[in-house]
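Here are the chains, one letter per residue:
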Amino acid sequence: MGKETFRKQALHRLRCRAGVRGYRQDKRAVEALKRYLARQAVRSVLLYIPLPIEVDVRPLIAWLRRRGVAVYVPFMEGESFRLVKYRLPLRRKRFGIYEPKHSKQHRKKKIDIAIVPVVGVDPTGRRIGFGKGMYDRFFWRERHNIQQTIFVQKVLCRSPIPVTDDYDVKGDLLITGSGKIVQL
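Definitions and cut-offs
- Residues numbered from 1 in each chain as written.
- Predicted model: local features only at pLDDT ≥ 70, side-chain atom pairs only at ≥ 80, totals over all residues.
- Heavy atoms only, no water.
- Core = buried A, V, L, I, M, F, W, Y, C linked by side-chain atoms within 4.5 Å.
- Buried < 20%, exposed > 50% of the residue type's maximum accessible area, 1.4 Å probe, protein only.
- Contact = heavy atoms within 4.5 Å.
- Helix = DSSP H or I, 4+ residues; strand = E, 2+ residues; numbered from the N terminus.
- Arc of directions from axis to C-beta.
- Lys, Arg positive; Asp, Glu negative; His and termini not counted.
- Salt bridge = Lys/Arg side-chain N within 4 Å of Asp/Glu carboxyl O.
- Polar contact = N/O pair within 3.5 Å; in protein donor to acceptor, adjacent residues only side chain to side chain.
- Phe/Tyr/Trp six-rings, centres within 6.5 Å; stacked < 30°, edge-to-face > 60°.
- Pairing = 2+ DSSP bridges.
- Right-handed = clockwise from strand over helix to strand, strands pointing away.

Participant: Help me out: how do you make sense of the nonpolar core in this one?
Facilitator: What tends to happen in soluble globular proteins is that the nonpolar side chains get buried as a cluster. Judged by nonpolar contacts, the single largest core of 49 residues is most densely connected at Leu 37, Leu 47, Leu 60, Leu 64, Ile 115, Phe 139 and Ile 150. Beyond its immediate sequence surroundings of up to four residues, Phe 139 is in contact with Leu 46, Ala 114, Val 116, Ile 146, Thr 149 and Val 169. With ten residues, the next largest nonpolar core counts Ala 10, Leu 11, Leu 14 and Val 119 among its residues.

Participant: What should I look at first to understand helix α3 (residues 58-66) in this one?
Facilitator: Think of an α-helix as 3.6 residues a turn; residues three or four steps apart then line up on the same face. Listed as buried for α3 are Leu 60, Ile 61, Trp 63 and Leu 64. Along the axis of α3, the buried positions cluster into a sector of 165 degrees, meaning they face one direction only.

Participant: What is the right way to read the environment of Val 42 from this model?
Facilitator: With respect to the element layout, Val 42 can be found in the loop between α2 (20-38) and β1 (44-46). Considered as a pair, Val 42 and Leu 64 are 22 residues apart in the sequence and their alpha carbons are 9.3 Å apart. Once you skip the residues sitting within four places of it in the chain, Val 42 turns out to touch Leu 37, Val 69, Asp 112 and Ile 113.

Participant: Help me out: how do you make sense of the side chain of Asp 136 in this one?
Facilitator: Relative to the assigned elements, Asp 136 resides in helix α4 (residues 134-142). Here Asp 136 sits buried without a salt bridge, and the closest side chain of opposite charge, Arg 127, lies 5.0 Å off (N-O distance). A polar side-chain atom of Asp 136 sits 3.2 Å from the main-chain amide nitrogen of Val 169. Setting aside residues no more than four positions away along its own chain, Asp 136 makes contact with Tyr 167, Asp 168 and Val 169.

Participant: It is not clear to me how the side chain of Lys 34 should be interpreted in this structure. Could you clarify?
Facilitator: As for its placement among the helices and strands, Lys 34 is situated in helix α2. Given the relative accessible area of 17%, Lys 34 is considered buried. Excluding residues within four positions of it along the chain, Lys 34 makes contact with Pro 59, Leu 60 and Trp 63.

Participant: Please explain the pattern of salt bridges as it appears in this structure.
Facilitator: Pairing of side chains with opposite charge becomes possible as their charged atoms draw close. Scanning all chains against the criterion turns up eight salt bridges. Glu 31 is the partner of Lys 34 in a salt bridge, and the nearest nitrogen-oxygen pair spans 3.6 Å. Of this pair, Lys 34 and Glu 31 both sit in helix α2, three residues apart, which is roughly one turn of the helix. Assessed through its relative accessible area of 32%, Glu 31 is described here as partly exposed.

Participant: What exactly am I supposed to notice about the packing of aromatic side chains here?
Facilitator: A ring pair, where both rings are aromatic, is described by two values, the distance of the centres and the angle of the planes. By the definition in use, this model includes two aromatic pairs. On the numbers, 6.4 Å between centres and 35 degrees between planes, the contact of Tyr 135 with Phe 139 is tilted. Of the two residues, Tyr 135 and Phe 139 are both situated in helix α4; the distance of four residues between them amounts to about one turn of the helix. Taken individually, Tyr 135 and Phe 139 each receive the classification buried, so the pair is uniform in this respect. Note on Phe 138 and Phe 139: the rings are 5.7 Å apart at their centroids and 85 degrees apart in plane angle, and the pair reads as edge-to-face.

Participant: In this structure, what is going on with the pairing of strand β2 (residues 70-77)? I would like to understand it.
Facilitator: The two faces of a sheet get side chains in turn, since along a regular strand they alternate between them. A large share of β2 lies buried, amounting to seven of its eight residues. When β1 meets β2, the two strands line up parallel, connected through three bridges. Note on β2: the bridge partner recorded for Ser 44 is Ala 70. Read from β1 through α3 to β2, the crossover connection turns out right-handed.

In structure tokens, the structure reads:
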């Protein structure tokens, strides 16, 4: 099985988890993230604005902001993205992704924790995403500025064999919709 075949199977599995079950899975994943982050000395976090098949982390964004944590989200630029501070209103852009307006605010150089959505993972702990390579390019450029990477997904989609490439993002932890935290 190759990466593309696994990606198609995982996307199908994730799309089947929409609706009420998906809401419960989002809630359990976010609660697990809150418990984990509450034990860390976090000052800055990279998050994402969720697509329907991704874990809805918007309640986590609100929770972090109330705690005074700087929340950054991707702002697409060409083949990759840069980070901007999360702020409303959000606009719909390419691939149906929402993002804040263009911001010239400078971010802190270091990001304590990056929380990244995944379509799947393989035994090497590397990310299988949607296939555009945006996170891969960003992490290659910023890998020294990110202390920890946490993958999140509604349903555990893990390939039994390695299917990723060396340039794919490697995670430290995986949190699933069951609230389970897996060391990668």
